[in-house]
Amino acid sequence: MSQILHETGVKPLLSARGLVKRYGRVTALDHADFDLYPGEILAVIGDNGAGKSSLIKAISGATIPDEGEIRLGDQVVNFKSPMEARDAGIETVYQNLALSPALSIADNMFLGREIRKPGVLGQWFRMLDRSAMERQARAKLTELGLMTIQNIGQAVETLSGGQRQGVAVARAAAFGSRVVIMDEPTAALGVKESRRVLELIQDVKKRGLPIVLISHNMPHVFEVADRIHIHRLGRRLCVVDPKQISMSDAVALMTGATQPPTDALAA
Amino acid sequence: MSETSAGLHRPQEFESVLSGSETSVANFEPERRTALQHAQQFLHSSPAAVPLIVLVASLVIFGAIIGGRFFSAFSMTLILQQVAIVGIVGAAQTLVILTAGIDLSVGAIMVLSSVVMGQFTFRYGLPPALSVLCGFAVGALCGYINGVLVSVMKLPPFIVTLGTWQIFLATNFLYSANETIRSQEIGAQAPLLQFFGETFKIGNAVFTYGVIAMVLLVALLWYVLNHTAWGRHLHAIGDDPEAAKLSGVRVRPMLVTVYVLSGLICALAGWCLIGRIGSVSPTAGQFANIESITAVVIGGISLFGGRGSILGMLFGALIVGVFSLGLRLIGTDPQWTYLLIGALIILAVAIDQWIRKVAA
């Protein structure tokens, strides 16, 4: 049953088997599985405390699972830090956005992967290539049709919530080569800004990047997701097709009010 | 099931009105701002501007009151000599405060290092150059202890350095047996220890090597903080350590490095201290920690971390220097200096709070 709700023959791009993560007596992940296929938007839903965040942290390198195996393509990966996951092409847009408010848009987009000047200045004096970073940041933001940038050097804290989300998504889309993970990208936004971010998610998908979308917002999930991974009690309960199931049925599964149909059961 | 399948891949019903609404969500065009908001924006982007304006204003005011006696090359360079040590310790303090920490032990590390430099030379007969290296090693070790306690044990920097301040200072008194090494002895046997006290003149301007060291150090750190990835990461850590970590900044090792660097810079200040006072005294530099924090705060560096420029710290130190010399030349009670500096500190923090509101 590893090819759940997916045409046979296509291999998952990112998958996890039997992930376990314990915090003291609390088991956040209890042999959780996960599959993401190329080019799809996979929504991950689950009640509070179901272990969604722990799952996402494990595949994005933010925590190291106690047990289990994560595969990216054909390779088994063991991310020790978000940096390693990023180097492998997995970019994450965190719920709190992980932006440094006092730093500029360009500084934030390149935080942790700065470009240095060529030649002696960069090699020996470790000098940053500000103009190259600003140019690339502006190009990425424009490419996503995101915004008309007035000043790429302005501090992120001077931006609105939607603008910040835009910067974080642009950063992920710019550097993510395999997978983009988005944790509650619309949670802090108004209706109009949410709509823009949903469009942005579709744009990123069109560029060929598969997306993992964690969200509590059922209408948003049902609007954009190709498949929905329902997480419950620390593990994958089932994966459902949003075209075949209603929102209330999905919520019922998520909360344990109903049991999943046998054909959607995960392993 | 039917109710949702109809709405799939189309905006939700309540969102349908949005098609007619304005689409400029992420618009970076500036709105109309008042002059005050412009000022706030400007100060937000140039954190060293306020202390620079205050510095220039205080120079002009004291110059107007006192005249040529104040506005001479000699007086100006005297101020530089007097703030050299606070400026160097302030540079160490700046690094720590930018990470949203605080280092109360800077003065104690400085004195302990200077005592090690002196005692290793005179008690154990080591060559002065080697003793100086030992002093730096002790400074680095002290910083390392602070750094490990703050970043690995995750204790609050204020508490850690409040404790190590006492520990380093007590170590200093116990080790030196409260003994001062006299200036003449050092001058005769180990002039290297007084190197930073040596002066040279350009016209009427008198510079010490300590002043040069302070200027070069601040310039170097300014470059590192603003033009290297390390410097950007330091700001990011002070701004939001969690965000920095998720962006791939190695927060823990960086914090240890920052405190070690702070210890090394304090050792440099200890060496300069020997030059400044001539002797090696375990009771010198008692107020270096408070003076360095004063320079940092007046310099517009946020105690909440992440914001501010090291140039601001230098301006802050100079403001204190200008006030003390200016008021001394006017002939007032020196307590007026403390009173005015105290007012400046509160004003500086108030301005910082106001600038930080630019986000809202």
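Just so it is clear, the structure is predicted and the values come from calculations on it, not from any experiment. Every chain begins its residue count from 1, and numbering advances along the sequence as written. The order in which chains are written sets their letters, starting at A; the order in which ligands are written sets their numbers, starting at 1. Two thresholds apply to this predicted model, a pLDDT of at least 70 for residue-level local features and 80 or more for giving and counting side-chain atom pairs, whereas whole-chain, interface and lining totals are computed over all residues. Just so you know, side-chain values use all the structure's heavy atoms and leave hydrogens and water out.

Novice: Looking at this structure, I do not really get the nonpolar core. What am I missing?
Specialist: Burial of nonpolar side chains together is a common tendency in soluble globular proteins. Grouping buried Ala, Val, Leu, Ile, Met, Phe, Trp, Tyr and Cys residues that are joined through side-chain atoms within 4.5 Å yields what is termed a nonpolar core. For every residue, the accessible area (1.4 Å probe, protein chains only) is compared with the maximum for its type, and the residue is labelled buried under 20%, exposed over 50%, or partly exposed between those bounds. Grouped together as the largest cluster of nonpolar side chains are 89 residues, with contacts concentrated most on Ile88, Met110 and Met313 of chain B. Numbering of helices and strands runs from the N terminus, with a helix taken as a DSSP run of H or I at least four residues long and a strand as a DSSP run of E at least two residues long. Considering every element that reaches this core, the biggest residue donor is helix α12 (residues 251-277) of chain B, with 14 residues. With 35 residues, the next largest nonpolar core counts Leu141, Leu159, Ala173 and Val197 of chain A among its residues.

Novice: How should I be thinking about the confidence of the model for chain B in this particular structure?
Specialist: Caution applies to low-pLDDT parts of the model: their predicted coordinates are not meant to be read in detail. Residue and element names in this part refer to chain B. Confidence of the predictor at the level of single residues is captured by pLDDT, which takes values from 0 to 100. A residue-level look at chain B finds 90% of positions with pLDDT of 70 or above and a mean pLDDT of 89. No element of chain B has a lower mean pLDDT than helix α1 (residues 2-5), at 43, and none a higher one than helix α6 (residues 128-152), at 97. Here residues 1-9 is modelled with pLDDT under 50, and outside its nearest four sequence neighbours on either side it reaches 16 contacts, counting other chains as well. Contacts for the low-pLDDT stretch residues 22-30, under 50 throughout, to residues beyond four places or in other chains number 21 contacts. Contacts are residue-level and defined by heavy atoms, with any inter-residue pair within 4.5 Å sufficient.

Novice: Quick question: what am I supposed to make of the packing of helix α13 (residues 288-298) of chain B against helix α15 (residues 335-356) of chain B here?
Specialist: Any two packed helices are characterised by how steeply their axes cross, that is the angle between the axes, and by the distance between the axes. Residues and elements named next belong to chain B. Axis geometry follows a simple rule: fit a line to the C-alpha atoms, using only the stretch in contact for helices, then measure angles between N-to-C directions, giving values from 0 to 180 degrees. Close contact between α13 and α15 brings their axes to 8 Å; oriented N to C, the two are set at 45°. By the angle between their axes, α13 is oblique relative to α15. Seen along the crossing, α13 lies across α15 with a hand that is left-handed. Every residue of α15 that contacts α13 at Thr294, Val297 and Ile298 is listed here: Ile341, Leu344, Ile345, Ala348 and Val349. For the contact of α13 with α15, the class distribution of residues is seven nonpolar, one polar and no charged. An angle below 35 degrees is treated as roughly parallel, one above 145 as roughly antiparallel, one from 65 to 115 as roughly perpendicular, and anything else as oblique. If you view the pair so one helix is near and one far, a crossing is left-handed when the near helix is turned anticlockwise from the far one by less than a right angle, and right-handed when it is turned clockwise. Here the nonpolar group is Ala, Val, Leu, Ile, Met, Phe, Trp, Tyr, Cys and Pro; Asp, Glu, Lys and Arg are the charged ones; every other residue, Gly included, is treated as polar.

Novice: Could you clarify how one ought to interpret the packing of aromatic side chains in this entry?
Specialist: Aromatic ring pairs are defined here through the distance separating the ring centres and the angle between the ring planes. Aromatic contacts are taken between Phe, Tyr and Trp rings whose centres are within 6.5 Å, Trp giving its six-membered ring; a plane angle under 30 degrees counts as stacked, one over 60 as edge-to-face, and the others as tilted. Summed over the entire model, instances satisfying the criterion amount to 13 aromatic pairs over all chains. Ring geometry for phenylalanine 62 of chain B against phenylalanine 70 of chain B: centres 5.9 Å apart, planes inclined by 40°, an arrangement best described as tilted. Per residue, the accessibility class of phenylalanine 62 of chain B equals that of phenylalanine 70 of chain B, and both read buried. By the ring-pair criterion, three or more aromatic residues cluster together here, those being Phe136, Phe195, Phe196, Phe200, Phe207, Tyr209 and Trp271 of chain B. For a ring to carry a charge above it, either NZ of a lysine or CZ of an arginine must fall within 6 Å of the ring centroid while also lying within 35 degrees of the normal to the ring plane. Taking NZ or CZ as reference, arginine 113 of chain A lies 3.8 Å from the ring centre of phenylalanine 175 of chain A, over its face. Taking NZ or CZ as reference, arginine 123 of chain B lies 4.5 Å from the ring centre of tyrosine 175 of chain B, over its face.

Novice: Help me out: how do you make sense of the sheet that holds strand β4 (residues 67-72) of chain A in this one?
Specialist: The strands making up a sheet associate through hydrogen bonds between their backbones, and the pairing can be parallel or antiparallel. Residues and elements named next belong to chain A. Only strands that DSSP links by at least two bridges are regarded as paired with each other. In space, the four strands of this open sheet follow the order β2-β1-β4-β5, with antiparallel pairing throughout. Looking at strand neighbours, the two that pair on one side only are β2 (26-36) and β5 (75-77), the edges of this open sheet. Shown here is a sheet whose adjacent strand axes are inclined to one another by a mean of 30°, direction ignored. On top of the sheet, helix α1 (residues 52-59) reaches β1 (14-23), β2 and β4; it is set at about 60° to β2, its chief contact.

Novice: Sorry, what's going on with the sheet that holds strand β3 (residues 41-46) of chain A here?
Specialist: Residue and element names in this part refer to chain A. Read from one edge of the open sheet, six strands run β6-β7-β8-β3-β9-β10, paired in mixed fashion. Whereas interior strands pair on both sides, the edge strands pair on one side only; in this sheet they are β6 (90-93) and β10 (235-240). Ignoring which end each strand starts from, the neighbouring axes of this sheet average 20° apart. Of the pairings in the sheet, the one linking β6 to strand β7 (residues 179-183) comprises four bridges and is parallel in character. In the sheet register, isoleucine 90 faces β7, and the bridge partner there is valine 179. Contacts between helix α7 (residues 191-206) and the sheet are confined to β3, β7 and β8 (211-214), with β8 contributing the most and set at about 160° to the helix.

Novice: Just to check I follow, could you spell out the domain arrangement of chain A for this structure?
Specialist: Residues and elements named next belong to chain A. Domain assignment breaks chain A into domain 1 (14-89 + 176-264) and domain 2 (100-163). Boundary definitions for the domains trace back to an automatic or database domain assignment. Between domain 1 and domain 2, the C-alpha centre-to-centre distance is 29 Å. The term buried area refers to how much accessible surface (probe radius 1.4 Å) is lost by two components on association, counted for both of them together. Summed over both sides, the interface between domain 1 and domain 2 buries roughly 710 Å², with carbon and sulfur atoms accounting for 47% of that surface. Counting the surface domain 1 buries against domain 2, the share from its top three residues, Arg86, Leu200 and Arg207, is 53%. The term salt bridge refers to a side-chain nitrogen of Lys or Arg lying within 4 Å of a carboxyl oxygen of Asp or Glu. If you look at where domain 1 meets domain 2, you find zero salt bridges. Put simply, the parts of the chain that give the side of domain 1 that touches domain 2 at least two residues each are α2 (82-87) and α7.

Novice: How should I be thinking about the pattern of salt bridges in this particular structure?
Specialist: Two side chains of opposite charge can pair, provided their charged atoms sit close to one another. Going through the model one piece at a time under the given rule, you end up with 17 salt bridges over all chains. As a salt-bridge pair, aspartate 66 of chain A and lysine 21 of chain A come within 3.8 Å of each other at their nearest N and O atoms. Residue aspartate 66 of chain A is located in the loop between α1 and β4, and its partner lysine 21 of chain A is located in strand β1; the two are separated by 45 residues in the primary sequence. Accessibility expressed as a relative area gives 40% for aspartate 66 of chain A, which makes it partly exposed. The shortest N-O distance in the salt bridge between aspartate 107 of chain A and arginine 232 of chain B comes to 2.7 Å.

Novice: Would you explain the state of the cysteines in this entry?
Specialist: As used in these notes, a disulfide is a covalent bond between sulfur atoms, one from each of two cysteines. All names here are of chain B. Criterion for a disulfide: a pair of cysteine sulfur atoms at a distance within 2.5 Å. Counted according to the given criterion, the structure contains zero disulfides over all chains. Summary of cysteine pairing: cysteine 134 is not part of a disulfide, and the nearest cysteine sulfur, belonging to cysteine 142, is at 13 Å. Cysteine cysteine 142 remains unbridged, with the sulfur of cysteine 266 as its closest cysteine sulfur at 9.0 Å.

Novice: Would you explain a nonpolar patch on the surface in this entry?
Specialist: On the surface, Val120, Leu121, Trp124 and Phe125 of chain A cluster together into a nonpolar patch covering about 480 Å² of accessible area. Along the polypeptide, leucine 121 of chain A turns up in helix α4 (residues 119-123). Two distance rules govern patches: like charges are joined within 9 Å, and nonpolar side chains (Val, Leu, Ile, Met, Phe, Trp, Tyr) within 5 Å, applied only to residues with over 30% relative accessible area and no salt bridge. The Shrake-Rupley method, run with a 1.4 Å probe sphere, supplies the accessible areas, and residue values consider only the shown protein chains as cover.

Novice: Just checking my understanding: could you explain the environment of alanine 288 of chain B for this structure?
Specialist: Residues and elements named next belong to chain B. Position of alanine 288 among the secondary structure elements: in helix α13. Residue class for alanine 288 comes out buried when judged on its relative accessible area of 6%. Taking the C-alpha atoms as reference, alanine 288 lies 9.1 Å from serine 105; in sequence the two are 183 residues apart. In contact with alanine 288, not counting residues within four places along its chain, are Val89, Gly107 and Met110.

Novice: For this particular structure, what's the right way to read unusual backbone geometry?
Specialist: Working note: non-glycine residues mostly have negative phi, and peptide bonds are mostly trans. Despite not being glycine, glutamate 184 of chain A shows a phi value in the positive range, around 45°. Phi is positive for asparagine 178 of chain B, close to 60°, though the residue is something other than glycine.

Novice: How should helix α10 (residues 229-239) of chain B be read in this particular structure?
Specialist: Note: α-helices contain 3.6 residues per turn, so residues at a spacing of three or four share the same orientation. Of all eleven residues that make up α10 of chain B, nine are buried, and the element is covered over most of its length. All of the buried residues along α10 of chain B are Gly231, Arg232, His233, Leu234, His235, Ala236, Ile237, Gly238 and Asp239 of chain B. The elements touched by buried residues of α10 of chain B are α3 (105-109) and α5 (130-143) of chain A together with α4 (73-98), α9 (209-227), α11 (241-246) and α12 of chain B.

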